[in-house]
Amino acid sequence: QVQLVASGGGLVQAGGSLSLSCAVSGITVSINDMGWYRQAPGKQRELVALKFSNTGRTNYAGTAEGRFTISTDNDKNMVYLQMTSLKPENTATYYCSLRAAGRYWGSGTQVTVTS
């Protein structure tokens, strides 16, 4: 059974930084991509950052470009999201996800940015 467990969320002041981690287990097929999504109250889930496994290419939402960095450790099946210069509008529940013969979602971790 594929499991993704996210951690690292918390409360931070605007301008601060947070690092999120996601541990993946139970995957037995090749991973196509790994990424982070977020969902704010009353809004749809949206992509934050994505990394393609075969090329290493990354995609970022416009609001994340230049401030967030996604990285992976394929040996450890981990995906990370380093977030800097956080803004109150970044407040959301952040979910890690991977695509491998289907889309898998992990537990969310709450990020709250105060002004």
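It should be emphasised that the depicted structure is a prediction, and the values quoted were computed from it without experimental measurement.

## Thoughts on the nonpolar core
Phase 1 of the analysis: In terms of nonpolar packing, the biggest core is built from 29 residues, with Trp36, Val48, Phe68, Leu81, Met83, Tyr94 and Leu98 touching the most fellow members.
Phase 2 of the analysis: Once you skip the residues sitting within four places of it in the chain, leucine 81 turns out to touch Leu18, Ser19, Leu20, Trp36, Val48, Ala49, Phe68, Thr69, Ile70 and Tyr94.

## Considerations on the side chain of threonine 109
Phase 1 of the analysis: Within the fold, threonine 109 resides in strand 10 (residues 103-114).
Phase 2 of the analysis: At 3.0 Å, the side chain of threonine 109 forms a polar contact with the backbone nitrogen of glycine 9.
Phase 3 of the analysis: Residues contacting threonine 109, with those up to four places away along its chain left out, are Ala6, Ser7, Gly8, Gly9, Leu20, Ala92, Thr93 and Tyr94.

## Some points on the pattern of salt bridges
Phase 1 of the analysis: Applying the stated criterion to the full structure yields three salt bridges.
Phase 2 of the analysis: A salt bridge links aspartate 33 to arginine 103, with the shortest nitrogen-to-oxygen separation between them at 3.1 Å. Of this pair, aspartate 33 sits in strand 4 (residues 33-39) while arginine 103 sits in strand 10, placing them 70 residues apart in sequence.
Phase 3 of the analysis: By relative accessible area, aspartate 33 is classed as buried at 1%.
Phase 4 of the analysis: Take arginine 103: its relative accessible area is 31%, and that puts it in the partly exposed class.
Phase 5 of the analysis: Put simply, Asp33, Arg99 and Arg103 are held in one network by salt bridges that share partners.

## Some details on unusual backbone geometry
Working note: non-glycine residues mostly have negative phi, and peptide bonds are mostly trans.
Phase 1 of the analysis: Located in the positive-phi region is asparagine 77, a residue other than glycine, with phi close to 55 degrees.
Phase 2 of the analysis: In this fold, asparagine 77 is placed in the loop between strand 7 (68-73) and strand 8 (78-83).
Phase 3 of the analysis: Positive phi, close to 50 degrees, is recorded for alanine 101, a residue that is not glycine.
Phase 4 of the analysis: Position of alanine 101 among the secondary structure elements: in the loop between strand 9 (92-99) and strand 10.
Phase 5 of the analysis: According to the relative accessible area criterion, alanine 101 is exposed, its value standing at 74%.

## A short note on the packing of aromatic side chains
The geometry of an aromatic ring pair is captured by the separation of the ring centres together with the interplanar angle, meaning the angle of the planes.
Phase 1 of the analysis: Evaluated as defined, the whole model comprises one aromatic pair.
Phase 2 of the analysis: Each ring, one from tyrosine 37 and one from tryptophan 105, has its centre 4.8 Å from the other, and the planes form 70 degrees; the classification is edge-to-face. Separated by 68 residues along the polypeptide, tyrosine 37 in strand 4 and tryptophan 105 in strand 10 bring together distant segments of the chain.
Phase 3 of the analysis: Residue classification places tyrosine 37 among the buried positions, given a relative accessible area of 13%.
Phase 4 of the analysis: It is arginine 45 that lies over the ring of tyrosine 95; its NZ or CZ is 3.8 Å from the centre.

What counts, and where the lines are drawn
- Residues numbered from 1 in each chain as written.
- Predicted model: local features only at pLDDT ≥ 70, side-chain atom pairs only at ≥ 80, totals over all residues.
- Heavy atoms only, no water.
- Core = buried A, V, L, I, M, F, W, Y, C linked by side-chain atoms within 4.5 Å.
- Buried < 20%, exposed > 50% of the residue type's maximum accessible area, 1.4 Å probe, protein only.
- Contact = heavy atoms within 4.5 Å.
- Helix = DSSP H or I, 4+ residues; strand = E, 2+ residues; numbered from the N terminus.
- Polar contact = N/O pair within 3.5 Å; in protein donor to acceptor, adjacent residues only side chain to side chain.
- Salt bridge = Lys/Arg side-chain N within 4 Å of Asp/Glu carboxyl O.
- Phe/Tyr/Trp six-rings, centres within 6.5 Å; stacked < 30°, edge-to-face > 60°.
- Lys NZ or Arg CZ within 6 Å of the ring centre and 35° of its normal.

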